[in-house]
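Descriptive analysis of the structure
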Amino acid sequence: MNPKLKEKILESLSAVLPITGIVLLLSIFLVPLDTGSVVMFVVGAILLIVGMGMFQLGSEMSMSPLGEGIGGQISKSKSLLPIVVISLLMGVIVTLAEPDLQVLSNQVPSIPNMVIIFTVAAGVGVFLSLAVVRIIKGIDLSMLLMFLYLAVLAVSFLVPREFLPVAFDSGGVTTGPITVPFIMAMGVGLSSIRVDKDASSDSFGLVALSSVGPILAVMILGCFYNPQSALFAAGEEFSVSTMQDVAKAFAFKTPHYAKEVFISVIPILAMFVIFQLYTHHYQHRQRQRVVVGFGYTYLGLVLFLCGVNVGFAPVGTMIGYNLAGSSVKWLLIPIGMLIGYYIVKAEPAIQILNRQVQTVTNGMVSAKAMNRCLSIGVSVSVGLSMLRVLVGLPIRWIIIPGYIIALAMSKLVPKIFVGIAFDSGGVASGPMTSTFLLPLCIGACEMHGGNLMTDAFGVIALVALTPLIAVQIMGIQYKFKLNRLQKISAAKSILPADADDIVEIEEVFA
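Residues numbered from 1 in each chain as written. Predicted model: local features only at pLDDT ≥ 70, side-chain atom pairs only at ≥ 80, totals over all residues. Heavy atoms only, no water.

1. Notes on the overall build of the chain
From N to C terminus, the chain includes 21 helices and 0 strands. Of all 510 residues assigned to the chain, the portion counted as buried reaches 59%. For the chain, long-range pairs separated by at least 24 residues make up 85% of all intrachain contacts whose partners lie at least 6 apart in sequence. Carbon and sulfur atoms form 67% of the exposed surface of the chain, whose accessible area is close to 19,600 Å². (Helix = DSSP H or I, 4+ residues; strand = E, 2+ residues; numbered from the N terminus. Buried < 20%, exposed > 50% of the residue type's maximum accessible area, 1.4 Å probe, protein only. Contact = heavy atoms within 4.5 Å. Areas by Shrake-Rupley, 256 points an atom, 1.4 Å probe, with all protein chains shown as cover.)

2. Quick notes on the nonpolar core
The biggest cluster of nonpolar side chains holds 164 residues, and the ones touching the most others in it are Phe182, Ile339 and Phe422. Setting aside residues up to four positions removed in sequence, Phe422 forms contacts with Leu145, Tyr149, Ala208, Ala406, Leu407, Leu468 and Gln472. (Core = buried A, V, L, I, M, F, W, Y, C linked by side-chain atoms within 4.5 Å.)

3. Here's the deal with helix 5 (residues 113-137)
With 25 residues, helix 5 should cover 36 Å at 1.5 Å per step; its first-to-last C-alpha distance of 36 Å lies within 8% of that length. Trailing helix 5 by a residue or two, Gly138 shows a phi angle of about 70 degrees, which is positive. (Expected span 1.5 Å × (residues − 1).)

4. Some words on a nonpolar patch on the surface
The grouping of Leu25, Ile28, Phe29, Leu30, Val328 and Leu331 at the surface amounts to a nonpolar patch, some 570 Å² of accessible area in total. Inspection of the secondary structure puts Val328 in the loop between helix 12 (284-324) and helix 13 (332-343). Classification of Val328 as partly exposed rests on a relative accessible area of 34%. (Patch = residues over 30% accessible without salt bridge, like charges linked within 9 Å, V, L, I, M, F, W, Y side chains within 5 Å. Salt bridge = Lys/Arg side-chain N within 4 Å of Asp/Glu carboxyl O.)

5. What to know about the packing of helix 5 against helix 6 (residues 141-156)
Where helix 5 contacts helix 6, the axes come no closer than 11 Å and their chain directions differ by 155 degrees. On the basis of the axis angle, helix 5 is roughly antiparallel to helix 6. In this structure, helix 5 crosses over helix 6, and the sense of that crossing is right-handed. Residue-level inspection shows Phe127, Leu130 and Arg134 of helix 5 in contact with helix 6, the latter providing Leu141, Leu144 and Leu148. Its residues assigned to classes, the contact of helix 5 with helix 6 shows 5 nonpolar, no polar and 1 charged. (Axes fitted to C-alpha atoms, helices over the stretch in contact; angles between N-to-C directions. Parallel < 35°, antiparallel > 145°, perpendicular 65-115°, else oblique. Left-handed = near helix turned anticlockwise from the far one by under 90°. Nonpolar A, V, L, I, M, F, W, Y, C, P; charged D, E, K, R; others polar.)

6. Concerning the packing of aromatic side chains
Using the criterion set out here, one finds 11 aromatic pairs in the structure. Relative to Tyr403, the ring of Phe168 lies with its centre 6.4 Å away and its plane at 20 degrees, an arrangement referred to as stacked. Taken as a pair, Phe168 in helix 7 (residues 164-173) and Tyr403 in helix 16 (residues 396-409) lie far apart in primary sequence, 235 residues in all. With respect to burial, Phe168 and Tyr403 carry one shared label: buried. Between Phe275 and Tyr282, the aromatic rings sit 6.1 Å apart at their centres with planes inclined by 65 degrees, giving edge-to-face as the arrangement. An aromatic cluster of three or more residues is present, and its members are Tyr149, Phe168, Tyr403 and Phe422. (Phe/Tyr/Trp six-rings, centres within 6.5 Å; stacked < 30°, edge-to-face > 60°.)

7. Here we look at the pattern of salt bridges
Evaluated as defined, the whole model comprises 4 salt bridges. Put simply, Glu11 and Arg355 hold a salt bridge, and the shortest N to O gap is 3.5 Å. In this pair, Glu11 sits in helix 1 (residues 3-29) while Arg355 sits in helix 14 (residues 348-360), placing the two residues 344 residues apart along the sequence. For Glu11, a relative accessible area of 28% corresponds to the partly exposed category. You can call Arg355 partly exposed: its relative accessible area is 23%. The partner of Arg355 in a salt bridge is Glu60, with the nearest N and O atoms 3.3 Å apart. Taken together, the residues Arg355 in helix 14 and Glu60 in helix 2 (residues 35-74) connect sequence positions 295 residues apart.

8. Some details on the packing of helix 6 against helix 10 (residues 206-225)
Between helix 6 and helix 10, the shortest axis-to-axis distance is 10 Å and the interhelical angle comes to 20 degrees. It follows that helix 6 is roughly parallel to helix 10 by the angle criterion. The crossing of helix 6 and helix 10 is left-handed. Contacts from Leu141, Leu144, Leu145, Leu148, Tyr149, Ala151, Val152, Val155 and Ser156 in helix 6 reach Ala208, Leu209, Val212, Ile215, Leu216 and Met219 in helix 10.

9. Describing the environment of Glu446
Within the secondary structure, Glu446 sits in helix 18 (residues 431-448). For Glu446, a relative accessible area of 44% gives the class partly exposed. Sequence separation of Glu446 and Val389 is 57 residues, and the distance between their C-alpha atoms is 9.4 Å. When residues no more than four places from it in sequence are discounted, the contact partners of Glu446 are Tyr321 and Leu452.

10. Section: helix 15 (residues 367-391)
Taking 1.5 Å of rise per residue, the 25 residues of helix 15 would be expected to cover 36 Å, and the 36 Å separating its terminal C-alpha atoms lies within 8% of that figure. The buried count for helix 15 comes to 18 of 25 residues, which makes it a mostly enclosed element. In the segment just after helix 15, Gly392 is the residue with positive phi, at about 70 degrees.

11. Description of the environment of Val427
Position of Val427 relative to the elements: it lies in helix 17 (residues 415-428). For the pair Val427 and Ile352, spaced 75 residues apart in sequence, the C-alpha separation works out to 9.4 Å. Those residues in contact with Val427 that lie beyond four places of it in its chain are Thr175, Val180, Met184, Val207, Ala349, Ile350 and Leu353.

This is the structure in structure tokens:
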């Protein structure tokens with residue numbers, strides 16, 4: 001086995017093992033599951049581990065170099081118009097390629113699927129081009145985010161109450177495993193030609209701004225169509241009694257996901273071919289590496305989506321349904337928080353973000369610290385989601401104060417933490433959220449007799465919100481620590497933030 005692939009699979013194993021253990025313990029002590037469902041879940045976990053490892057390796061070999069190459073190339077343009085047009089097209093193409101977008105389009109039957117898909121893609125494209133212009137022109141990210149999110153909150157009062165959670169969910173769903181690696185790498189490429197002190201911090205923020213576009217676009221769509229209902233396509237349940245039945249169940253769904261991912265990857269591959277023909281950016285060895293990387297990305301996503309949809313999603317629904325119907329239904333909140341803490345580690349794009357943060361900050365913000373911070377944030381969001389299911393708490397009561405707090409904090413933290421925080425919100429709400437946490441809320445809401453539109457949907461939006469606050473709290477801690485070290489250094493008449501100080505900072509955030 002490729003040593004690098006083995007390393008990625010072992011990383012995936014450490015990320016997925018805790019959530020697998022939690023579900024198995026729940027099936028023994030609180031939510032009895034039939035043996036067939038447990039076996040399906042375990043097989044799904046194995047596919048998820050292998051798939052996530054392959055996807056991460058493939059993304060490093062293909063999506064990241066392509067994004068950086070395109071970002072670096074368009075930033076050399078003397079005219080702003082070609083940059084805007086190319087960025088808009090890139091945003092539309094990668095969003096149309098996003099598998100999670102199909103899930104969103106199927107949730108609202110009163111709006112044609114293609115209308116939602118192209119509306120969301122246009123939203124991402126427009127706001128990606130805005131994000132690119134921001135990096136090139138050096139526009140302050142905090143002020144831009146404040147203006148845009150205030151606009152989102154204002155428009156939210158015009159959207160039908162039943163549709164608001166779906167609109168906010170769309171911002172998280174569309175920044176998935178295809179979109180995130182490409183957009184983040186594009187930000188690195190755009191900022192690489194700058195030599196000013198804010199270049200590294202400005203490499204973040206593209207995902208954050210790209211997440212705002214779908215929310216606004218779907219909100220406006222909801223005002224015109226005024227949809228009153230939503231559907232949720234949970235993972236299909238299979239009746240299995242033998243291992244042959246298990247194999248047949250996964251074999252039955254694999255062609256569907258193979259086709260879905262093929263349609264997703266082809267536009268990105270075509271983009272690579274066109275970019276290479278136009279710029280001759282990659283040498284022969286690099287071209288081979290990128291092509292092999294696309295192969296890993298394709299196989300990894302097929303295995304990942306098959307594992308989470310066939311093995312994980314039905315179990316999530318059953319756990320939520322049975323817990324809500326038990327005498328200990330309030331355990332949904334702590335159990336949901338525990339699941340949320342560990343499940344975010346299994347999001348494929350999270351590890352890509354964390355490694356990029358560690359690289360750009362030269363290790364001062366470690367991947368381990370980011371993992372812990374995001375886990376805490378998502379844990380809180382899932383707890384709030386379960387509370388909403390049980391008491392019918394309107395999502396506005398959480399979303400509006402949450403974004404106001406996050407935007408206010410953005411003026412207090414170092415600039416780089418603003419981009420990292422708002423990017424992490426979009427990255428945290430990936431396929432694991434939509435295929436396990438959402439079914440968990442759906443099952444609990446159905447058993448509790450709540451309104452799916454207002455009480456269950458919105459978990460993806462909350463998962464995208466809480467990391468904004470959690471990461472910025474880490475940024476405030478970092479700022480205080482750095483100021484203290486600089487004062488100590490000044491008192492000793494040495495340069496601020498010397499090598500020993502940097503080591504101390506790394507130890508604090510490790």
